[in-house]
Amino acid sequence: MRIDTPMTASSRRGADCQADVTIIGVHEAARVTPSHASARLFANGDTCISLDHGMQIRTQASVSPAAFGSRPLWVDDLTHTGITRAPQPARSLANRMRHSFAAVTAGLSDQGRILVPGLTCGLLGQDYIGPGALEQPDTTYAARVEQEFRTSGIMHLMAVSGGHFILVAQLAQWLGAAIRLPRPVAAIGVIAAYQGLAILVYPSDSVLRAQIMGTFSAIGMLLGRPSQTASALAWTTIMVLTLAPGKSASYGYALSSAAVLGITLCTLPLQRRLDRRLPHAASQAVATTLSAQIFTLPIQILMEPQIPLMSVLANLMVAPFVSWATITGLIALILAPFVPALAFAAAWLASCGTAIMAWTAHVCAAPTWTALAWPSGIPGALLALAVQAVIALLPGIIRSGAHAIGDRAIRYGLGRTSREQHEREARRTFVTAGGERRPHPPIAGNSRAGCTPAGRPWRACGKIGVWLAETRGMIDDQWHRHD
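Residues numbered from 1 in each chain as written. Predicted model: local features only at pLDDT ≥ 70, side-chain atom pairs only at ≥ 80, totals over all residues. Heavy atoms only, no water.

Along its length, the chain carries 15 helices and 10 strands. Taking all 483 residues of the chain together, 38% fall into the buried category. Taking the contacts inside the chain whose residues are at least 6 apart along the sequence as the reference set, 61% of them involve residues at least 24 apart. On the chain, roughly 27300 Å² of surface is accessible, and the fraction owed to carbon and sulfur atoms is 63%. (Helix = DSSP H or I, 4+ residues; strand = E, 2+ residues; numbered from the N terminus. Buried < 20%, exposed > 50% of the residue type's maximum accessible area, 1.4 Å probe, protein only. Contact = heavy atoms within 4.5 Å. Areas by Shrake-Rupley, 256 points an atom, 1.4 Å probe, with all protein chains shown as cover.)

And the structure:
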């Protein structure tokens with residue numbers, strides 16, 4: 001079998017570690033049956049340290065249907081395990097870097113040991129299994145931090161997705177522009193950076209989506225075509241679901257794709273509306289967060305039937321620190337095997353950012369009302385869609401109703417409106433000796449016509465002058481009516 005992921009802490013009792021594997025052959029008696037079945041391997045003791053991502057192994061084990069998880073089979077009770085093929089050189093280097101990075105982050109505070117690997121690689125510190133783990137973080141504290149991140153709605157920061165790939169692409173483009181590389185060469189450099197990042201981080205469905213989608217965008221750059229996010233997402237989804245139909249049941253892939261689609265379609269319209277009330281930077285951050293939340297909320301309800309009410313606020317609070325904490329974490333990951341001292345300095349800077357994230361998660365998850373209970377399953381997801389549709393359509397319904405009421409008022413009150421308009425026009429004008437009606441000339445220094453009627457030189461201007469003129473006109477009108 002081939003090991004497809006790094007070894008991580010086991011999610012079931014009776015095992016120390018686990019990894020996702022692909023069974024490539026089953027030996028039964030003297031017959032070998034080829035296979036391509038996906039399974040989850042569980043192991044104990046020194047086997048967890050000896051196995052690593054990218055290896056091919058031969059073992060005697062029991063295979064059973066999975067009781068839970070994304071893989072349909074479980075492989076456990078390993079005996080007579082041997083390595084038949086070592087990882088490829090690139091994968092071997094990535095494994096070495098990951099183990100060295102774990103050793104570097106072991107010198108950080110508890111929150112840094114937990115969150116810096118999660119933000120950088122997509123694997124929380126307490127889940128790491130390997131030779132670089134000097135001491136595991138406190139399990140109670142780690143469980144509390146993870147739950148607070150989930151409750152506050154910022155757990156997505158601990159999964160590698162499009163944000164990491166965007167940062168790497170921007171860095172590659174900046175380097176290409178600094179040394180004046182031609183556009184095709186710079187595009188090839190971006191593609192290489194994408195593949196390198198995908199090898200370094202924990203493999204997941206969101207990483208697969210971001211890698212393929214970013215590659216499509218880089219190919220467009222290579223051909224001189226503008227980036228089209230929606231088109232790249234559509235082609236990525238078509239290709240992934242065609243080659244791996246099982247991804248259609250993946251929550252990780254669905255969440256990642258829905259967030260990108262929401263940001264692509266809704267961010268600019270929401271930002272235009274929010275620009276009227278908020279500064280541009282704040283409106284952009286709020287619009288991006290809301291767009292992602294709107295499209296991912298039904299999927300989140302399928303996973304956990306509750307709505308994180310503080311999610312938008314929590315994401316806004318941590319947004320300024322995510323990019324530089326991610327960049328410094330990636331620098332620490334790259335330098336860990338070669339310059340551990342510099343890698344620790346970079347990891348410590350990243351832990352400063354994750355400390356703010358941990359504090360934000362703790363504050364936003366503290367109130368008892370921070371999560372709203374919601375119906376579970378498909379009915380709950382459909383209800384969330386219906387509520388969001390009503391909220392989206394409500395301003396248009398109110399606007400249409402106001403217009404209808406206004407049209408009716410104009411239709412039924414036309415005679416009165418015409419009389420009032422005629423009276424206002426009469427107050428603002430005067431009749432010349434020839435019977436011609438003309439507006440009152442404004443006073444000197446006041447550009448508002450009719451501020452002071454002719455022959456009544458009030459020493460006023462602006463709003464005061466207008467008020468005096470209108471008051472005097474009303475008195476004159478009442479006087480003439482009594483006459």
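Moving on from the model shown.
Turning our attention to the nonpolar core. One broad trend across soluble globular proteins is that nonpolar side chains are buried collectively. In terms of nonpolar packing, the biggest core is built from 30 residues, with Phe-101, Phe-165, Val-190, Tyr-194, Leu-197, Val-207 and Leu-333 touching the most fellow members. The set of elements that each furnish at least two residues to this core consists of helix H2 (89-105), helix H3 (110-121), helix H5 (162-178), helix H6 (183-200), helix H7 (205-222), helix H11 (311-335) and helix H12 (340-365). The dominant element in this core, judged by the number of residues it contributes, is H6, at 6 residues. Those residues in contact with Val-207 that sit more than four places away from it in its chain are Val-160, Phe-165, Ala-198, Val-201 and Tyr-202. Ile-114, Leu-115, Ala-358 and Cys-364 belong to the second-largest nonpolar core, a separate cluster that totals 20 residues. (Core = buried A, V, L, I, M, F, W, Y, C linked by side-chain atoms within 4.5 Å.)

Turning to the confidence of the model for the chain, a few remarks are in order. Residues shown with low pLDDT carry predicted positions that ought not to be read at fine detail. Of the residues in the chain, 82% reach a pLDDT of 70 or more, and the chain-wide mean stands at 83. When the elements of the chain are averaged for pLDDT, helix H14 (residues 414-428) gives the smallest value, 54, and H12 the largest, 95. The model gives residues 443-461 a pLDDT under 50, and that stretch makes 34 contacts with residues more than four places away or in other chains. (pLDDT = per-residue confidence, 0-100.)

This part takes up H5. Compared with an ideal rise of 1.5 Å per residue, which puts 17 residues at 24 Å, H5 spans 24 Å between its outermost C-alpha atoms and is within 8% of the ideal. Those residues of H5 lying buried are Gly-162, His-164, Phe-165, Leu-167, Val-168, Ala-169, Ala-172 and Gly-176. Of the surrounding secondary structure, the elements contacted by the buried residues of H5 are H3, H6, H7 and H11. Following H5 by one or two positions, Arg-180 adopts a phi angle in the positive range, close to 60°. (Expected span 1.5 Å × (residues − 1).)

The final tally for this structure, using the stated rule, is 1 disulfide. The residue that forms a disulfide with Cys-17 is Cys-48, at a sulfur-sulfur distance of 2.0 Å. Between Cys-17 and Cys-48, the disulfide has an S-S torsion of -90° and is therefore left-handed. Remark: Cys-48 occurs in helix H1 (residues 46-50) and Cys-17 occurs in strand E3 (residues 17-28); sequence separation between them is 31 residues. This pair shows no difference in class: Cys-17 is buried, exactly as Cys-48 is. (Disulfide = S-S within 2.5 Å.)

Among the surface-exposed residues, Phe-216, Ile-219, Leu-223, Trp-235, Ile-238, Met-239 and Leu-243 lie close enough to one another that they form a single nonpolar patch of about 730 Å² accessible area. Going through the elements one at a time, H7 and helix H8 (229-243) are the ones with two or more residues in the nonpolar patch. Looking at which element gives the most residues to the nonpolar patch, the answer is H8, with 4 residues. With respect to the helices, strands and loops of the structure, Ile-238 is situated in helix H8. (Patch = residues over 30% accessible without salt bridge, like charges linked within 9 Å, V, L, I, M, F, W, Y side chains within 5 Å. Salt bridge = Lys/Arg side-chain N within 4 Å of Asp/Glu carboxyl O.)

This paragraph deals with the pattern of salt bridges. This model, assessed by the stated rule, comprises 9 salt bridges. Residue Arg-71 pairs with Asp-20 through a salt bridge whose shortest N-O separation is 3.9 Å. Pair noted here: Arg-71 is in the loop between strand E5 (56-65) and strand E6 (73-85) and Asp-20 is in strand E3, with a separation of 51 residues, a long-range link. For Arg-71, a relative accessible area of 18% translates into the label buried. Of the charged contacts, one joins Arg-150 and Glu-146 as a salt bridge, the two residues approaching to 3.0 Å between their closest N and O atoms. With Arg-150 and Glu-146 both in helix H4 (residues 139-152), this residue pair falls 4 residues apart, about one helical turn. Glu-146 sits in the partly exposed class, given a relative accessible area of 24%. Look at the salt bridges and you will find they share partners, linking Asp-20, Arg-40 and Arg-71 into a network.

Moving on to the pairing of E6. Pairing of strand E4 (residues 31-43) with E6 involves 3 bridges; the strand directions are parallel. Looking across to E6, one finds that Ala-39 is bridged to Leu-73. (Pairing = 2+ DSSP bridges.)

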